[in-house]
Amino acid sequence: MGKEQFEEDEDLFVTLTLEDDSEVECLVVSIFEAEGKDYIALLPTEGPENEEGEVFLYRYFEDEDGEPGLDNIESEAEFFLASQAFDELVEEGEYDEIIDEEDYLH
């Protein structure tokens, strides 16, 4: 799921394993850049996170073989930077059909 492939394909999904070992299927909303780093926005497809309109943000990378990977965003400053960049994409209306902006902003 390289960035180039993401831009060409529709409705890509990933399964996240959370800290409590539960799994959540998520729609890949966007892979975007902020301050020279790549990030990914994921929207859970079911469960309480979906009902609340919660979007997960992770640092996105591809290894030397082109395989995608996710890292947690560790610092509040980096999370703020990534969420601000994603907020700008949402405000531009690029994801209106995926994310209900009123739910996301609350």
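What you are looking at is a predicted structure, and each value in this text was computed from that prediction instead of being measured. (Residues numbered from 1 in each chain as written. Predicted model: local features only at pLDDT ≥ 70, side-chain atom pairs only at ≥ 80, totals over all residues. Heavy atoms only, no water.)

1. Focus: the overall build of the protein chain
When you go through the protein chain residue by residue, the secondary structure sums to 4 helices and 5 strands. When the helices and strands of the protein chain are read in sequence order from the N terminus, they spell out α-β-β-β-α-β-β-α-α. Within the protein chain, the fraction of its 106 residues that count as buried is 38%. Contacts in the protein chain between residues at least 24 apart in sequence constitute 33% of all its contacts with a sequence separation of at least 6. When the accessible area of the protein chain is evaluated, it comes to approximately 7000 Å², of which 40% is carbon and sulfur surface. (Helix = DSSP H or I, 4+ residues; strand = E, 2+ residues; numbered from the N terminus. Buried < 20%, exposed > 50% of the residue type's maximum accessible area, 1.4 Å probe, protein only. Contact = heavy atoms within 4.5 Å. Areas by Shrake-Rupley, 256 points an atom, 1.4 Å probe, with all protein chains shown as cover.)

2. Things to note about the nonpolar core
Residues F32, Y39, A41, V55, L57 and F86 are the most contacted members of the largest nonpolar core, which totals 14 residues. The set of elements that each furnish at least two residues to this core consists of β2 (23–34), β3 (37–44) and α3 (76–91). The next biggest cluster of nonpolar side chains, apart from the first, holds 12 residues, and it includes C26, V28, I31 and I40. (Core = buried A, V, L, I, M, F, W, Y, C linked by side-chain atoms within 4.5 Å.)

3. Overview of the sheet that holds β3
Read across the open sheet, the 5 strands follow the order β1-β2-β3-β4-β5; overall the sheet is antiparallel. Among the strands making up the open sheet, the edge pair consists of β1 (13–17) and β5 (68–71). The mean inter-strand angle of the sheet, taken between neighbouring strand axes irrespective of direction, is 50 degrees. Relative to β3, β2 is paired through 8 bridges, and the arrangement is antiparallel. Its bridge partner being in β3, F32 is matched across the sheet by Y39. Packing against the sheet, α3 makes contact with β2, β3 and β4 (56–62), and its axis sits at approximately 85 degrees to β2. (Pairing = 2+ DSSP bridges. Axes fitted to C-alpha atoms, helices over the stretch in contact; angles between N-to-C directions.)

4. Considering the environment of D11
Position of D11 among the secondary structure elements: in the loop between α1 (3–8) and β1. Along the backbone, D11 and V28 are 17 residues apart, and their C-alpha atoms lie at a distance of 6.9 Å.

5. Re a negative patch on the surface
There is a patch of like negative charges on the surface, built from E62, D63, E64, D65 and E67. Residue placement: D65 occurs in the loop between β4 and β5. (Patch = residues over 30% accessible without salt bridge, like charges linked within 9 Å, V, L, I, M, F, W, Y side chains within 5 Å. Salt bridge = Lys/Arg side-chain N within 4 Å of Asp/Glu carboxyl O. Lys, Arg positive; Asp, Glu negative; His and termini not counted. Charge placed at Lys NZ, Arg CZ, Asp CG, Glu CD.)

6. A short note on the pairing of β4
For β3 and β4, the ladder comprises 4 bridges, and the chain directions are antiparallel. Following the sheet pairing, Y39 is matched in β4 by R59. As paired elements, β4 and β5 share 4 bridges and run antiparallel to each other. When the sheet's bridge partners are listed, R59 is paired in β5 with D71.

7. Examining the confidence of the model for the protein chain
Averaged over every residue, the pLDDT of the protein chain is 81; the share at 70 or more is 77%. Of the regions scoring below 50 in pLDDT, residues 1–6 engages in 18 contacts with residues more than four places distant in sequence or in other chains. (pLDDT = per-residue confidence, 0-100.)

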